[in-house]
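Residue-level listing of the chains:
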Amino acid sequence: MSLRPLRGPRPARVVQDARGLPAQVEAGGRRRRVEAVRDDWLVQDLWWTGRPVHRHYFELVLEPGRLTVVYRDAADGRWFVQG
């Protein structure tokens, strides 16, 4: 059995709807419509260090039924696709 490293986060462009939820995700040159937001959660960690983490994650169903996790970094507002 061989191990492969997981792909790290990649920058993304996310268009939000009127409620602030992701409506479209563009990453790697492909734009996809969000069909559903399955879950969302906040991560606040390493607050005791000089590099705290504060992110809002969303588990999305993108057209045509693809599951994706994106997050918004609260420090600078940038969006990323996880994995």
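We now turn to the structure provided with this report.

Reading the values: rules and limits
- Residues numbered from 1 in each chain as written.
- Predicted model: local features only at pLDDT ≥ 70, side-chain atom pairs only at ≥ 80, totals over all residues.
- Heavy atoms only, no water.
- Core = buried A, V, L, I, M, F, W, Y, C linked by side-chain atoms within 4.5 Å.
- Buried < 20%, exposed > 50% of the residue type's maximum accessible area, 1.4 Å probe, protein only.
- Helix = DSSP H or I, 4+ residues; strand = E, 2+ residues; numbered from the N terminus.
- Contact = heavy atoms within 4.5 Å.
- Lys, Arg positive; Asp, Glu negative; His and termini not counted.
- Salt bridge = Lys/Arg side-chain N within 4 Å of Asp/Glu carboxyl O.

If you look at soluble globular proteins, the nonpolar side chains tend to sit buried side by side. Counting residues in each nonpolar core, the largest one holds 11 residues, listed as A12, V14, V25, A27, V34, F58, L60, L62, V70, W79 and V81. Secondary structure elements with two or more residues in this core: β1 (10–16), β2 (22–27), β4 (53–62) and β6 (79–82). Per-element tally for this core: the top contributor is β4, with three residues. Apart from residues no more than four positions distant in its own chain, V34 is found in contact with P22, A23, Q24, V25, L60, V61 and L62.

This next bit is on the side chain of D73. If you trace the backbone, D73 turns up in strand β5 (residues 66–73). The buried charged residue D73 lacks any salt bridge, with R55 as its nearest oppositely charged partner at 4.6 Å. When neighbours within four sequence positions are excluded, D73 is seen to be in contact with H54, R55, R78 and F80.

The subject of this paragraph is unusual backbone geometry. Residue E63 is joined to P64 through a cis peptide bond whose omega torsion reads -5°. Looking at the secondary structure, you find P64 in the loop between β4 and β5. Of note, the phi angle at L46 is positive, near 55°, even though the residue is not glycine. Considering the arrangement of structural elements, one finds L46 in the loop between β3 (30–45) and β4. What makes L46 partly exposed here is its relative accessible area of 33%.

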